[in-house]
Amino acid sequence: MIVDRDRCIGAALCVLTAPRYFDQDDDGRVLARAADLPEPPEDVAALAIRLCPSGALR
Ligand code: SF4
């Protein structure tokens, strides 16, 4: 899974959907919470990828 912080617009859908894997910094941009993001992503992480409006998660 790719977490592209430069594309993140801070919509927080990933944090709400999969808080086990995602957090936000003080500017609202995504932080990968788990050092071992699932590859391939498990269902909840895959849903967060689909919901991300900026394409920051792939
Ligand atoms: S859903 Fe996408 S745009 Fe929103 S905080 Fe997460 S990575 Fe950033």
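The preceding data block contains the structure.
In what follows, the accompanying structure is described.

Calculation rules
Residues numbered from 1 in each chain as written. Predicted model: local features only at pLDDT ≥ 70, side-chain atom pairs only at ≥ 80, totals over all residues. Heavy atoms only, no water. Salt bridge = Lys/Arg side-chain N within 4 Å of Asp/Glu carboxyl O. Helix = DSSP H or I, 4+ residues; strand = E, 2+ residues; numbered from the N terminus. Buried < 20%, exposed > 50% of the residue type's maximum accessible area, 1.4 Å probe, protein only. Near = heavy atom within 4 Å. 1 Å grid on protein atoms, 1.4 Å probe; cavity = no way out; pocket = protein on both sides within 12 Å on 5 of 7 lines; lining within 4 Å. Sits in = over half its atoms within 2 Å of the grid points. Nonpolar A, V, L, I, M, F, W, Y, C, P; charged D, E, K, R; others polar. Points joined across faces, edges and corners; volume = space filled by probe spheres on them. Core = buried A, V, L, I, M, F, W, Y, C linked by side-chain atoms within 4.5 Å. Contact = heavy atoms within 4.5 Å.

### A closer look at the pattern of salt bridges
Tallied over the entire structure, the rule returns five salt bridges. The partner of Arg20 in a salt bridge is Glu42, and the shortest N-O contact between them spans 3.6 Å. Here Glu42 lies in the loop between strand 2 (30–32) and helix 2 (43–51) and Arg20 lies in the loop between helix 1 (13–17) and strand 1 (22–24), a separation of 22 residues in the sequence. As a salt-bridge pair, Arg33 and Asp23 come within 3.4 Å of each other at their nearest N and O atoms. With Arg33 in the loop between strand 2 and helix 2 and Asp23 in strand 1, this pair connects stretches of sequence that are 10 residues apart. Classification of Arg33 by relative accessible area gives partly exposed; the value is 47%.

### A look at unusual backbone geometry
A positive phi is found at Ala12, a non-glycine position, where the angle reads about 75°. Of note, Ala12 is situated in the segment before helix 1.

### Details of the site of the ligand
As a structural note, the neighbourhood of the ligand is formed by 13 residues, with Cys8, Ala11, Ala12, Cys14 and Cys52 the closest of them. Among the detected pockets, the ligand sits in the largest cavity. Looking at side-chain class alone, the shell around the ligand contains 11 nonpolar, two polar and no charged residues.

### Concerning empty space enclosed by the protein
On inspection of all chains with the given rule, the structure shows one cavity of 30 Å³ or more. Each pocket or cavity is described by its volume, and for the largest cavity that value is around 100 Å³. Surrounding the largest cavity, 15 residues form its lining, Cys8, Ala11, Ala12, Cys14 and Cys52 being those nearest its centre. Split by residue class, the lining of the largest cavity holds 11 nonpolar, four polar and no charged.

### Quick look at the nonpolar core
Ranked by size, the top nonpolar core spans 15 residues in total, and within it Cys14, Tyr21, Phe22, Ala48 and Leu57 carry the most contacts. Taken together, the elements giving at least two residues each to this core come down to helix 1 and helix 2. Residues within four places of Leu57 in sequence aside, it is in contact with Ile2, Val3, Cys14, Phe22, Ala48, Ile49 and Cys52.

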